[in-house]
Amino acid sequence: MPSHLCDLILAQGHEVVGIDNFLTGHARNIAHLTHEPRFRFIEADVCQPLPELGGVDCVIHAASPASPKDYYDNPIETLDVGSIGSRNLLELARANNARYLVTSTSECYGDPLEHPQVETYWGNVNPVGPRSCYDESKRFAEAITMAYHRKYGLRTNIARIFNAYGPRMKLNDGRVVPQFMDQALNGKPITIYGDGLQTRSFCYVSDLVRGLYLLSQSDERYPVNLGNPIELTMLEFAERIQRITATDSKIVHEPLPQDDPKRRRPDISKAKAILGWEPEVSLEDGLKQTVAYFQSLQAGAV
Ligand code: UDP
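Residues numbered from 1 in each chain as written. Predicted model: local features only at pLDDT ≥ 70, side-chain atom pairs only at ≥ 80, totals over all residues. Heavy atoms only, no water.

**Let's talk about helix 3 (residues 75-95)**
Moving on, step 1. With 21 residues, helix 3 extends 30 Å between its outermost C-alpha atoms, agreeing within 8% with the 30 Å of an ideal straight helix rising 1.5 Å per residue.
Moving on, step 2. The sharpest bend along helix 3 reaches about 35° and sits at Val 81.
Moving on, step 3. Where helix 3 is concerned, the buried positions are Thr 78, Val 81, Gly 82, Gly 85, Ser 86, Leu 89, Leu 90, Leu 92 and Ala 93.
Moving on, step 4. The secondary structure elements touched by the buried residues of helix 3 are strand 3 (58-61), helix 2 (68-73), strand 4 (99-105) and helix 4 (132-152).
Moving on, step 5. Once helix 3 ends, the next one or two residues include Asn 97, with phi positive near 50°. (Helix = DSSP H or I, 4+ residues; strand = E, 2+ residues; numbered from the N terminus. Expected span 1.5 Å × (residues − 1). Bend = angle between axes of the 7 residues up to and from the residue. Buried < 20%, exposed > 50% of the residue type's maximum accessible area, 1.4 Å probe, protein only. Contact = heavy atoms within 4.5 Å.)

Now the structure itself:
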């Protein structure tokens, strides 16, 4: 997602400095910006003291593993980037009197007991389960953002992102969209975890970054959900991928990971009301774009 956000901000005429340590990201996602004079890239870890950047007007903290597979593999790094990374980037914003936006997550709601999820719901998170490194890191990131706003008057925004997808994801990312596509495109069984009746709501990346950009300009300090309210079971989703890819791959069932949320759908009334934002890209179009991307990636054309 961050590379798409860079593209959008550059298209608005701004200059962008991108920072990534490539723990889970990939340099090919910004290769098209190599000759863009308004884009500068620094390979660095935001948990370390930051290099000199010059003046900045807006800091966007979008650094973190986001796939369950990636944060199970890197739990300490995940906790660090939400805590130490947040602290460093909030200090950068404060030193520059800059705006600050943090990309938080629907995982703050944990395995939600309220449905759909409204921003005022406090969530149902297991603080010591395998997902807690991500959930609690993001919850801390939200808490320290509010603390900087309250203590220093920093102009902050918090976005809670629901299952974003699109081109530039990794095929071996582990999340359900690339995983099912990889399996469907390569004749492997499609692995549904559990009975497949758990639900998710998928938001195409161009819709998401448009929402993030609008939010970064708003004066709303409390969290705002950004996601697509269309909700599917994972069984329905697998069937959709089978149809779009015209695959012969069959569905198999594997054990459900611990604490896997049973239902997830954003209530986006707040984003609609204060940002005039709602998703525009249909699931069908978004999935077709994403399949086309993975096909060109596999063909070595990306
Ligand atoms: N999932 C699945 N098969 C897979 C990968 C994921 O059934 O090969 C399910 C997973 O159990 C979850 C949903 O798909 O219920 C979304 O998982 P993902 O890892 O994409 O993200 P999450 O929403 O859990 O953070």
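After that view of the structure, there is still more to cover.
**So, the environment of Ile 241**
Moving on, step 1. Positionally, Ile 241 belongs in helix 7 (residues 234-245).
Moving on, step 2. Taking C-alpha positions, Ile 241 is 9.6 Å from Leu 185, a pair spaced 56 residues apart along the chain.

**Digging into the site of the ligand**
Moving on, step 1. Every one of the 18 residues lining the ligand counts as a neighbour, but Val 176, Thr 191, Arg 200, Asp 260 and Arg 264 are closest to it.
Moving on, step 2. A distance of 2.9 Å separates an oxygen atom of the ligand from a polar side-chain atom of Arg 131.
Moving on, step 3. Its residues assigned to classes, the shell around the ligand comprises seven nonpolar, five polar and six charged. (Near = heavy atom within 4 Å. Polar contact = N/O pair within 3.5 Å; in protein donor to acceptor, adjacent residues only side chain to side chain. Nonpolar A, V, L, I, M, F, W, Y, C, P; charged D, E, K, R; others polar.)

**Quick word on the pattern of salt bridges**
A side chain with one charge may pair with a side chain of the opposite charge, provided their charged atoms come close.
Moving on, step 1. Under the defined criterion, the tally for this structure stands at 23 salt bridges.
Moving on, step 2. Here Arg 94 makes a salt bridge to Glu 91, at a shortest N to O gap of 3.4 Å. Here Glu 91 and Arg 94 lie together in helix 3, a separation of three residues that amounts to about one turn.
Moving on, step 3. The class for Arg 94 is partly exposed, based on a relative accessible area of 35%.
Moving on, step 4. The residue Asp 260 makes a salt bridge to Arg 131 at a minimum N-O spacing of 3.9 Å. A residue pair is termed long-range when its members are at least 10 positions apart, and Asp 260 in the loop between strand 12 (251-254) and helix 8 (269-275) and Arg 131 in the loop between strand 4 and helix 4 qualify at 129 residues.
Moving on, step 5. You can call Asp 260 buried: its relative accessible area is 13%.
Moving on, step 6. Of the residues examined, Arg 131 reaches a relative accessible area of 6% and is grouped as buried. (Salt bridge = Lys/Arg side-chain N within 4 Å of Asp/Glu carboxyl O.)

**Re the pairing of strand 3**
Moving on, step 1. Residue alternation in strand 3 divides its side chains into a buried set, Val 59 and His 61, and an unburied set, Cys 58 and Ile 60.
Moving on, step 2. Relative to strand 4, strand 3 runs parallel, the two being bridged by four bridges. What sits directly across from Cys 58, in strand 4, is Arg 99. (Pairing = 2+ DSSP bridges.)

**A look at the side chain of Thr 191**
Moving on, step 1. Locating Thr 191 in the fold gives a position in strand 7 (residues 190-193).
Moving on, step 2. We classify Thr 191 as buried; its relative accessible area is 10%.
Moving on, step 3. At a separation of 2.8 Å, a polar atom in the side chain of Thr 191 contacts the side chain of Gln 183.
Moving on, step 4. Beyond its immediate sequence surroundings of up to four residues, Thr 191 is in contact with Gln 179, Phe 180, Gln 183, Val 252 and Glu 254.

**Observations regarding the nonpolar core**
Moving on, step 1. Membership of the largest hydrophobic core comes to 48 residues, with the highest contact counts inside it found for Tyr 165, Leu 212, Leu 226, Phe 237 and Leu 287.
Moving on, step 2. Beyond its immediate sequence surroundings of up to four residues, Leu 287 is in contact with Tyr 165, Val 177, Met 181, Phe 237, Arg 240, Ile 241 and Ile 244. (Core = buried A, V, L, I, M, F, W, Y, C linked by side-chain atoms within 4.5 Å.)

**Thoughts on the pairing of strand 4**
Moving on, step 1. Counting buried positions along strand 4 yields seven of seven residues, so the element is predominantly enclosed.
Moving on, step 2. Of the two faces of strand 4, both are covered, the one formed by Arg 99, Leu 101, Thr 103 and Thr 105 as well as the one formed by Tyr 100, Val 102 and Ser 104.
Moving on, step 3. Strand direction decides the pairing type here: strand 4 and strand 5 (residues 156-161), joined by six bridges, are parallel. Looking at strand 5, one finds that Tyr 100 is bridged to Thr 156.
Moving on, step 4. As a crossover connection, the stretch from strand 4 through helix 4 into strand 5 is right-handed. (Right-handed = clockwise from strand over helix to strand, strands pointing away.)

**Observations concerning the environment of Gly 276**
Moving on, step 1. Within the secondary structure, Gly 276 is located in the loop between helix 8 and helix 9 (283-298).
Moving on, step 2. When the C-alpha atoms of Gly 276 and Leu 215 are compared, they prove to be 10 Å apart, with 61 residues separating the residues in sequence.

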